[in-house]
Amino acid sequence: MTADAATGSAGWRSIDGTMADWAARADGSPLLAFIDSCLRGIGQVCFMNNPVTGLAILVAMFVAEAWLGFAGALGLVVSTLSAILIGMDRGAIRAGLFGFNGILVGAGLSLFLQPDWDVLVMVWIVVGAFFSTVLHGALASVFIGAWKVPPFTLAFNFITLIFLIGALNFANGRVGGLVAPADAQVTRGEVSNTLRAATDAASANNIEGVLNAILRGISQLFFANSVVSGIIIILGLAVCSRIAAVFALVGSTVGMLTGLALGANGVAIYNGLWGFNSFDAALAVGGVFFVLTWRSGLLAVACAVLAALLFGAIASLFTPWGLPALTLPFVFATLAFVLLKDASTELEPVAVEDITTPENHLSRKRAEPGVESQPVAAA
Amino acid sequence: MTADAATGSAGWRSIDGTMADWAARADGSPLLAFIDSCLRGIGQVCFMNNPVTGLAILVAMFVAEAWLGFAGALGLVVSTLSAILIGMDRGAIRAGLFGFNGILVGAGLSLFLQPDWDVLVMVWIVVGAFFSTVLHGALASVFIGAWKVPPFTLAFNFITLIFLIGALNFANGRVGGLVAPADAQVTRGEVSNTLRAATDAASANNIEGVLNAILRGISQLFFANSVVSGIIIILGLAVCSRIAAVFALVGSTVGMLTGLALGANGVAIYNGLWGFNSFDAALAVGGVFFVLTWRSGLLAVACAVLAALLFGAIASLFTPWGLPALTLPFVFATLAFVLLKDASTELEPVAVEDITTPENHLSRKRAEPGVESQPVAAA
Amino acid sequence: MTADAATGSAGWRSIDGTMADWAARADGSPLLAFIDSCLRGIGQVCFMNNPVTGLAILVAMFVAEAWLGFAGALGLVVSTLSAILIGMDRGAIRAGLFGFNGILVGAGLSLFLQPDWDVLVMVWIVVGAFFSTVLHGALASVFIGAWKVPPFTLAFNFITLIFLIGALNFANGRVGGLVAPADAQVTRGEVSNTLRAATDAASANNIEGVLNAILRGISQLFFANSVVSGIIIILGLAVCSRIAAVFALVGSTVGMLTGLALGANGVAIYNGLWGFNSFDAALAVGGVFFVLTWRSGLLAVACAVLAALLFGAIASLFTPWGLPALTLPFVFATLAFVLLKDASTELEPVAVEDITTPENHLSRKRAEPGVESQPVAAA
């Protein structure tokens, strides 16, 4: 909130992009710097190194459910603190790179463990958030060191899945009803892709169904199932990058359409489950890891399709344990496309250490003297 | 066919090895170059950068089943075209390195999806072939960049499995009866390794059973279950490399023997399922990735055994989803042995960028002045 | 035994640490060198490059069960011989780095295959031990080459699991009753974490239960379920490193406590199943891969917790096939923490090629002129 007030008075320019001026000012106070690091950590789930974006997302989580917002904030604070205690790179901490896994661990465990506001569940969130920081540090060392790509939210996925699958057999595991092991089987004959809010709800194969699928598809990245939260998140993204906000909507739409084309369960599509991996994947490829061109824009759409295919595959793969696919589909799809950076001569990759915002990547490229004689295509 | 006619008139030498002269001539016409790239892509499934070998394999697929040949060709063309559109390295495309995953995706989906000649199945093949090119580009970047080994057919395996496992729950998934989820259980008491064509067929524990196991073991790499196809493929391999053809037969034989020794299902052995991974693995180690010596020849046999062990393991691992092991056993076994290149001082590895044919590796080595005073052992 | 006698007469100093003097003397006789390599291979399961430690562990295995000791020794000899035949690096062989996977393959298969002293089981041990050497060579090339960390016991885990899972469907697979596939399900309501020797045994929630859990937790790393074996192993570790012996006990205790906190099955905890991964993980982080400081000591405890969490997760993951978690939890937990070496500026990592003993790492650091002005904290 301090961050919001401070930047609000300084006009639009001061909250656009990565807010470097504000970060420098926040560094004057350890508490402000910590809060700024945490808020940037929320934004980093969507590659937005911007505390206002992070704050908007946190608000969206609280709007959906107070326990969700609290659990996410708990994981966020613990994972960021852990990074400081272990002695991780200060620049990475300040950019929120040790917060984005933690908030997802907290939010994810709050959804799949029961009951809400349980002290033991909070303990597991603290433990999981700590280990997410350790694992992210390890994975980043391998991924960036050897392959020049980040591990995205892999640490959150591994830590959350490790806890949930073990919890099946722990007296204190607290797994809730959403984790329901079952036999994998050929169910395609019984699947209907009619959009609807619940199995027994009326058909929503119209503009209402489509809007729900797309906007809940935005909010589901943060384990919120809410149209309003989806709108707040899109606005939050737009503060940092309009291109990112557009690709988020495009990606969620592509995920929905892929689910419809495959004939996936319409209740899942309506509730946004086919959108959240695709939205983050499209956003990453369309401007963040590649300078936005027609080619990278089309690849962003293709990446959203692959993320949706992977969502169907991983959900099916996890059936015997009743585990959620989380954001593994986003991680694998995005890795596949981002790793093309050295394979294709037609793409213009942005090195991990040079990433700011899609808009800034475009303007930096225009400023390069004579690298290319043709004007740069932007979507 | 153009390729075949052109080279046929130029005599034996012109179709042996990698046919560099022909490739240079084909480059004169974009269409010829594209066809040549595609045919080399078929041969590259067995590391044969030779369009005549590729053509022979395609014929073998059509001989087994026209739909199989068509589906494979569709995947092949789409994956090669995709590589051109994305802007992949032209030399790699011309060597067929963006075709071998595509033909396997097409062939594999044609077998495991139903019905034959279905338009929707063709759509899924096009989608899968496109993503196999993206994924292969990404994997090649990681594997060759960081470890100096290729990812083999990993992209085909991942894309096909991703599609098949999701399809269990897609109304438009089109999975056929060969994908049958079941509980893993200890079945060893009921398993008979008597060679026979089907569960209710007569025993074939004789020369007929053995020949079927070995030759169908060759054809099964391309999802063909046919003795005639196996013979055509062996002849096609021999056009490019006699050493490769011999190791293909040795590998398929070793796979069969490993299955018999373990007491695996005799129907599966008879139909070549224990041969195809082992044949490609033996071929890779025995002359392609290591200069052929007695030691690398013995390791090729050991690699074929490991591929067979992995086939049994992965088939069992995939039981709960009813998925096929595809060529994952070949990939993992071959990786294990090829990665020994820097671990052993007694082996003579061939760097990925220097691979041509086993015969050429041997003659290059003989031409090296004084690296070794002893004559080189060849199998 | 020769090794023991020779060093016994030379006084305490001669058997402490890595026994470099003895190794040089053993090199005079090929047989002695081979035996020394094998014994060091046993110690290397716990990062102890010391033949007396190895001999103590072998004795502990024979004390628990003669067949266990024999099977382990068989795997050890075969894997070490295989490394010589393939032409692996001689220094690595002499340090026991091609023995530690082999002894575990032999011991593991002796436990999970039936009956004891069966000739066919011995054949599978020979085959598995050979492949463990190939796979370790390959993995070490990738892990050390690209990431500067060793693959730990990954080769043992992969080879043993590959064999066990395939064996479910092999007439000659010889899987015993400990491999029992079952449906994963939410069993937490029926789980009791009361410490006891067996499901129908009396409660042992006292010093006896705790001692059993901790000491059996030591011996279970070598598939021995015995308090006496646990004590012998601790003494054997202390010969090479007192710090390692202390962290072994700390790690096993932390594993037990984590199991109790999660509410895991008390019979499993009593029999040491929650201890063995945690003990090896704590030992690795607390002095071997990081110079021992307060910070690395605390991280060693955290690593033991993660190993325990992973044990619960992997055991649950493997339920559908009835497979054991083996030492995969140790491998993944230790990798996560060891990979922090470049991520944290507060830790003092020891490069893989410089590893000797925790004590030696501390004294080397003290000998460095002026790197740090403050005295070094040691546990």
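One structure accompanies this document, and this report is about it. Worth saying up front: this structure is predicted, and the values here are computed from it rather than measured.

## Details of the side chain of Asp16(A)
Residue and element names in this part refer to chain A.
- Mapped onto the elements, Asp16 comes out in the loop between helix H1 (2-8) and helix H2 (20-26).
- Exposure remark for Asp16: the relative accessible area of 14% places this residue in the buried category.
- A polar atom in the side chain of Asp16 sits 3.0 Å from the side chain of Arg242.
- Residues contacting Asp16, with those up to four places away along its chain left out, are Asn50, Val239, Cys240 and Arg242.

## Remarks on the interface of chain A and chain B
- With 37 residues of chain A at the contact, the number on the chain B side is 35 residues.
- For the pair chain A and chain B, the summed buried surface comes to about 2,900 Å²; carbon and sulfur atoms form 68% of the total.
- If you sort the residues of chain A by the area they bury against chain B, Trp147(A), Arg188(A) and Leu262(A) come out on top, with a joint share of 20%.
- Inspection of the region where chain A meets chain B yields zero salt bridges.

## Things to note about the relation of the copies chain C and chain A
- Taken as rigid bodies, chain C and chain A are interconverted by a rotation of 120° and an axial shift of 0.0 Å, the fit giving an RMSD of 0.0 Å. On this basis, the relationship between the two copies can be described by a three-fold rotation axis. Taking C-alpha positions as the reference, the residue of chain C nearest the rotation axis is Ala146(C), at 3.7 Å.
- Mapped onto chain A, only 14% of the interface residues of chain C again fall at the interface, so the copies present different surfaces.

## A look at the packing of helix H14 (residues 276-288) of chain A against helix H15 (residues 294-317) of chain A
All names here are of chain A.
- Here H14 crosses H15 at 155°, and the two axes come no closer than 8 Å. One finds that H14 runs roughly antiparallel with respect to H15. Note that H14 runs across H15; the crossing there is right-handed. On H15, the residues that touch Asn277, Ser278, Ala281, Ala282, Val285 and Gly286 of H14 are Ser296, Leu299, Ala300, Cys303, Ala304, Ala307, Ala308 and Phe311.
- Along the lines of polarity and charge, the residues of the contact of H14 with H15 split into 10 nonpolar, four polar and no charged.

## Here we look at the interface of chain C and chain A
- With 37 residues of chain C at the contact, the number on the chain A side is 35 residues.
- When chain C packs against chain A, close to 2,900 Å² is buried across both sides, 68% of that on carbon and sulfur atoms.
- Among the residues of chain C in contact with chain A, Trp147(C), Arg188(C) and Leu262(C) are the three that bury the most area, contributing 20% of the side total.
- Across the chain C-chain A interface, the total number found is zero salt bridges.
- Connecting chain C to chain A are 11 residue pairs in polar contact (both at pLDDT 80 or more).
- For the side of chain C that touches chain A, the elements supplying multiple residues, two or more each, are helix H8 (119-147), helix H12 (242-262), helix H15 (294-317) and helix H16 (328-338) of chain C.

## Points about the packing of aromatic side chains
All names here are of chain B.
- Evaluated as defined, the whole model comprises 57 aromatic pairs over all chains.
- Judged by centre distance (5.2 Å) and plane angle (80°), the ring pair of Trp274 and Phe311 falls under edge-to-face. Note that Trp274 is positioned in the loop between helix H13 (266-270) and helix H14 (276-288) and Phe311 in helix H15 (residues 294-317), a separation of 37 residues in sequence. Here Trp274 matches Phe311 in class, with each residue buried.

## Section: the nonpolar core
- If you look at the biggest cluster of nonpolar residues, it comprises 396 residues, and the most contacted ones within it are Phe337(A), Phe337(B) and Phe337(C).
- With residues near it in sequence (within four places) discarded, Phe337(C) still touches Phe131(A), Val134(A), Val285(C), Phe290(C), Leu299(C), Ala302(C), Cys303(C) and Leu306(C).

## So, helix H10 (residues 207-219) of chain B
Residues and elements named next belong to chain B.
- Compared with an ideal rise of 1.5 Å per residue, which puts 13 residues at 18 Å, H10 spans 18 Å between its outermost C-alpha atoms and is within 8% of the ideal.
- Among the residues of H10, those classed as buried are Gly209, Asn212, Ala213, Ile214, Leu215, Arg216, Gly217, Ile218 and Ser219.
- Two or three places before Glu208, at the start of H10, stands the capping residue Asn206, its side-chain oxygen 3.1 Å from that residue's backbone nitrogen.

What counts and how
- Residues numbered from 1 in each chain as written.
- Chains lettered and ligands numbered in written order.
- Predicted model: local features only at pLDDT ≥ 70, side-chain atom pairs only at ≥ 80, totals over all residues.
- Heavy atoms only, no water.
- Helix = DSSP H or I, 4+ residues; strand = E, 2+ residues; numbered from the N terminus.
- Buried < 20%, exposed > 50% of the residue type's maximum accessible area, 1.4 Å probe, protein only.
- Polar contact = N/O pair within 3.5 Å; in protein donor to acceptor, adjacent residues only side chain to side chain.
- Contact = heavy atoms within 4.5 Å.
- Buried area = accessible area lost by both parts, 1.4 Å probe.
- Salt bridge = Lys/Arg side-chain N within 4 Å of Asp/Glu carboxyl O.
- Least-squares fit on C-alpha atoms with pLDDT ≥ 70 in both.
- Axes fitted to C-alpha atoms, helices over the stretch in contact; angles between N-to-C directions.
- Parallel < 35°, antiparallel > 145°, perpendicular 65-115°, else oblique.
- Left-handed = near helix turned anticlockwise from the far one by under 90°.
- Nonpolar A, V, L, I, M, F, W, Y, C, P; charged D, E, K, R; others polar.
- Phe/Tyr/Trp six-rings, centres within 6.5 Å; stacked < 30°, edge-to-face > 60°.
- Core = buried A, V, L, I, M, F, W, Y, C linked by side-chain atoms within 4.5 Å.
- Expected span 1.5 Å × (residues − 1).

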